[in-house]
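# Chains, contacts and geometry: an overview
Residue strings, one per chain:
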Amino acid sequence: MFDEDGSLDPFLKFLLYAVLVLAAGKMLWEWLTGTVIRWVTVDLWGAVAAHPWWTVLIVIGFLAVLFLLARLAGAVLDVLATPAVAGVEVTSVEPEPVLLTYRMKQLEAMSPTGFEHACAELLARNGFLHARRVGGSGDLGADVIAIDADGLTFVVQCKQLSRPVNSPAMQQFKGTARPEHGADHAVIIGLNGFTQPALDFASRHRLITVGREDLKRWAHGTHFYDVIRARATP
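So, a few notes on the structure that sits alongside this text. Counting restarts for each chain: residues are numbered from 1 in the order of the written sequence. Residues qualify for local features only when their pLDDT is at least 70, as the model is predicted, and side-chain atom pairs are given and counted only at 80 or more; totals for whole chains, interfaces and linings, by contrast, use all residues. For side-chain calculations, the full set of non-hydrogen atoms in the structure is used, while hydrogens and water are omitted.

## Some words on the side chain of Q157
When you line up the elements, Q157 lands in strand 3 (residues 153-159). Overall, Q157 belongs to the buried group, its relative accessible area being 8%. Note on contacts: a residue pair qualifies if any of its non-hydrogen atoms lie within 4.5 Å across the two residues. Leave out the neighbours within four places in its chain, and Q157 touches G141, D143, A169, F173, V187, I188 and I189. For helices the rule is a DSSP run of H or I covering at least 4 residues; for strands it is a run of E covering at least 2, with both sets numbered from the N terminus onward. Three labels apply to residues, based on accessible area from a 1.4 Å probe with only protein chains included: buried if under 20% of the type maximum, exposed if over 50%, partly exposed otherwise in between.

## What to know about the pattern of salt bridges
By definition, a salt bridge exists where a carboxyl oxygen of Asp or Glu is found within 4 Å of a side-chain nitrogen of Lys or Arg. One pass over the full model with this rule turns up three salt bridges. Between E108 and R212 there is a salt bridge, with the nearest N and O atoms lying 2.5 Å from each other. Of this pair, E108 sits in helix 3 (residues 104-109) while R212 sits in helix 7 (residues 212-219); the two residues are 104 residues apart in sequence, bridging distant segments of the chain. We note a salt bridge from E116 to R133, for which the minimum N-O separation is 2.5 Å. Taken together, the positions of E116 in helix 4 (residues 112-125) and R133 in strand 1 (residues 129-133) put the pair 17 residues apart, joining distant regions of the chain. Looking at R133, the relative accessible area reads 27%, which means it is partly exposed.

## Quick look at the pairing of strand 2 (residues 144-147)
Along a regular strand, successive side chains alternate from one face of the sheet to the other. Two strands pair if DSSP finds at least two bridges between them. Direction of pairing for strand 1 relative to strand 2: antiparallel, over a ladder of three bridges. Bridging from a neighbouring strand, R132 pairs with I145 of strand 2. Bridge count between strand 2 and strand 3: four bridges; the pairing is antiparallel. Considered in strand 3, the bridge of I147 is made with T153. The antiparallel pairing of strand 2 with strand 3 creates a hairpin that spans five residues between the two strands, and G151 there sits at a positive phi of about 85 degrees.

## What about a nonpolar patch on the surface?
Think of a patch as exposed residues, more than 30% relative accessible area, with no salt bridge, where like charges cluster within 9 Å and nonpolar side chains (Val, Leu, Ile, Met, Phe, Trp, Tyr) cluster within 5 Å. To be clear on the numbers: accessible area is Shrake-Rupley with a 1.4 Å probe, and residue cover counts the displayed protein chains and nothing else. Taken together, the side chains of V59, F62, L63, V65, L66, L69, L72, V76, L77 and L80 define a hydrophobic patch exposed on the protein surface, amounting to about 990 Å² of accessible area. The topology assignment puts V76 in helix 2 (residues 52-81). Given a relative accessible area of 43%, V76 falls into the partly exposed group.

## Section: the sheet that holds strand 3
In space, the five strands of this open sheet follow the order 1-2-3-4-5, with mixed pairing throughout. Edge positions in the open sheet fall to strand 1 and strand 5 (207-210), since each of these has one partner strand only. Pairs of neighbouring strands in the sheet enclose a mean axial angle of 20 degrees, with direction left out of account. Note on method: axes are straight lines fitted to C-alpha atoms, helices fitted across the in-contact stretch only, with angles between N-to-C directions ranging 0 to 180 degrees. Helix 4 rests against strand 1, strand 2, strand 3 and strand 4 (185-190) of the sheet, and its axis sits at about 170 degrees to strand 1. Of the strands in this sheet, strand 4 and strand 5 are in contact with helix 7, which crosses strand 5 at around 75 degrees.

## Description of the environment of R103
One can find R103 in the loop between helix 2 and helix 3. The spatial distance from the C-alpha of R103 to the C-alpha of K216 is 7.5 Å, given a sequence separation of 113 residues.

## Topic: the nonpolar core
Ranked by internal contacts, the top residues of the largest apolar core, which has 26 residues, are L107, I189, L215, W218 and F224. At the level of elements, helix 3, helix 4, strand 2, strand 3, strand 4, strand 5, helix 7 and helix 8 (224-232) are the ones that each hand at least two residues to this core. Per element, the largest residue contribution to this core is six residues, and it comes from helix 4. Leaving out residues up to four positions away in the same chain, L215 has contacts with M104, L107, F115, I189, L191 and V210. To define a nonpolar core, start from buried Ala, Val, Leu, Ile, Met, Phe, Trp, Tyr and Cys residues and group those joined through side-chain atoms within 4.5 Å. Counting residues in hydrophobic clusters, the runner-up holds 16 residues, among them A177, A186, F194 and A202.

This is how it looks when you write it as structure tokens:
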């Protein structure tokens, strides 16, 4: 009957529980069929049949009370859900838009086309109008074109090279940026910077260069104008 640890055998325990459940079920069934059903079918129904109008009024009153209680509960929940400070009007605050940024590893891992799209998106982030990628076959050196708030056209060439941009590449861009694309400002972006001869050429011919450190600051959230202004400051 009992196990070695003194507990009741599981099978006997199951039988005992089954007997208790059956006994409780039998008592509940007798109570429902003998008392509850008789009260509903005889006493309650008799009262309803004898006083139908009173019954209707009681039911309507009961439903009205339930409705009022539901409205009251809803009002209480609204008050609890609304933060309030005494004497201070609570106003909703719109979340600030998420600033578009890139990490240098992301820019390095992009395809050349993806890199050009990223540069266009960064210009659009800074408020440039109609910033779009135009690079491709026959682009004549223009990868991105954008217009600033003053209506000036920026023509951008994006060089995602594993080495610094050299002077011949700079000369090619200079030869097409203004004559072919009508650039007010010609910008060349070098993911890995520029050779010194290329920088010297850009300085002589008013080409804006954005090297690796400039690109990093720009991609991390600094405005494009601030990047090139800080770079130009001695």
